[in-house]
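As a plain string of letters, each chain reads:
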Amino acid sequence: MQLHYTIYQFVISQAKNGVKFNLKAANGEVIASSQVYKDEKYCRKGIASVINNAPVAPIEDQTVEGFTPCKHPKFEVYKDKAGEFRFRLKATNGQIIATGEGYKAMAGCKRGIESIKKNVVDAKIIVEAPKEAKAE
């Protein structure tokens, strides 16, 4: 029997110089990631910002020539150097609070954003145990 996630999860984990979160979709795939925060308290503030901003943020499609800029908060959709579609969620202050994974097609990128907008408010927060350093 295969387990199915029924809800999004913010997974807080250790990073090189602090902590970060990955937002995992219902299928367990990472759909967005944060910057590195100095500690868990600030990481949780970043999560709260995603929860508050994502549902109301419009999508600004920067792949269209002459696009009309949207006010913050917003999802900015752009093409990366590899030609994949990506998004970044910006808070009301213009700070990037989450960045998306690469998508081959614009439709997939927009579906990812819509899924976040719809599901993020019910996401669970999980803290991963720090990985122990190997003894020499």
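Residues numbered from 1 in each chain as written. Predicted model: local features only at pLDDT ≥ 70, side-chain atom pairs only at ≥ 80, totals over all residues. Heavy atoms only, no water.

Draft legend 1. Structural detail: the overall build of the protein. Within the protein, the secondary structure is distributed over 2 helices and 8 strands. Listing the helices and strands of the protein from first to last along the sequence gives β-β-β-α-β-β-β-β-α-β. A compact globule built from 136 residues should have a C-alpha radius of gyration of about 14 Å, and the protein, at 16 Å, falls within 12% of that. For the C-alpha atoms alone, the extent of the protein along its principal axes is close to 55 × 40 × 30 Å. Expressed as a percentage of its 136 residues, the buried residues of the protein come to 40%. Sequence-distant contacts in the protein: of pairs separated by 6 or more residues, those separated by 24 or more amount to 41%. (Helix = DSSP H or I, 4+ residues; strand = E, 2+ residues; numbered from the N terminus. Rg over C-alpha atoms; globule rule 2.2 N^0.38 Å. Buried < 20%, exposed > 50% of the residue type's maximum accessible area, 1.4 Å probe, protein only. Contact = heavy atoms within 4.5 Å.)

Draft legend 2. Region of interest: the sheet that holds strand E7 (residues 96-100). Spatially, the 8 strands line up as an open sheet ordered E4-E5-E6-E7-E3-E2-E1-E8, and their pairing is mixed. Strand pairing shows two members of the sheet lacking a second neighbour, strand E4 (59-61) and strand E8 (124-127), which therefore form its edges. The sheet shows a mean angle of 25° between the axes of neighbouring strands, taken without regard to direction. As defined by bridge partners, strand E1 (residues 9-15) adjoins E8 across 4 bridges and the pair is classed as parallel. (Pairing = 2+ DSSP bridges. Axes fitted to C-alpha atoms, helices over the stretch in contact; angles between N-to-C directions.)

Draft legend 3. Spotlight on the nonpolar core. Counting residues in hydrophobic clusters, the biggest one holds 30 residues, and the most contacted among them are Val 50, Phe 87 and Ile 116. Contributing elements (two or more residues each) for this core: E1, strand E2 (18-24), strand E3 (30-33), helix H1 (40-53), strand E5 (74-79), strand E6 (85-90), E7 and helix H2 (106-119). Those residues in contact with Val 50 that sit more than four places away from it in its chain are Phe 10, Phe 21, Pro 55, Leu 89, Ile 97, Ala 98 and Val 120. (Core = buried A, V, L, I, M, F, W, Y, C linked by side-chain atoms within 4.5 Å.)

Draft legend 4. Spotlight on the pairing of E7. As defined by bridge partners, E3 adjoins E7 across 2 bridges and the pair is classed as antiparallel. Of the residues in E7, the one forming a bridge with Ala 32 is Gly 100. Relative to E7, E6 is paired through 3 bridges, and the arrangement is antiparallel. Residue pairing for E7: Arg 88 is matched across the bridge by Thr 99.

Draft legend 5. Looking closely at unusual backbone geometry. Cis geometry marks the peptide bond from His 72 to Pro 73; its omega dihedral reads -5°. Checked against the element boundaries, Pro 73 lands in the loop between E4 and E5.

Draft legend 6. Spatial organisation of the pairing of E3. Summarising the sheet, E2 and E3 pair through 3 bridges and their orientation is antiparallel. Along E3, the bridge assignment pairs Lys 24 with Val 30. Between E2 and E3, which follow one another and run antiparallel, lie 5 residues, and Gly 28 among them has a positive phi close to 90°.

Draft legend 7. Focus on the side chain of Gln 9. Topologically, Gln 9 is positioned in strand E1. Looking at Gln 9, the relative accessible area reads 15%, which means it is buried. Those residues within four positions of Gln 9 in sequence are excluded, and the remaining contacts are Asn 22, Leu 23, Lys 24, Ala 123, Lys 124 and Ile 126.

Draft legend 8. Seen up close, H2. An ideal rise of 1.5 Å per residue puts 20 Å on 14 residues; H2 measures up with 20 Å between its terminal C-alpha atoms. Taken together, the buried positions of H2 are Met 106, Gly 108, Cys 109, Gly 112, Ile 113, Ile 116 and Lys 117. If you follow the buried residues of H2, they end up packed against E2, E3, E4, E5 and E6. (Expected span 1.5 Å × (residues − 1).)

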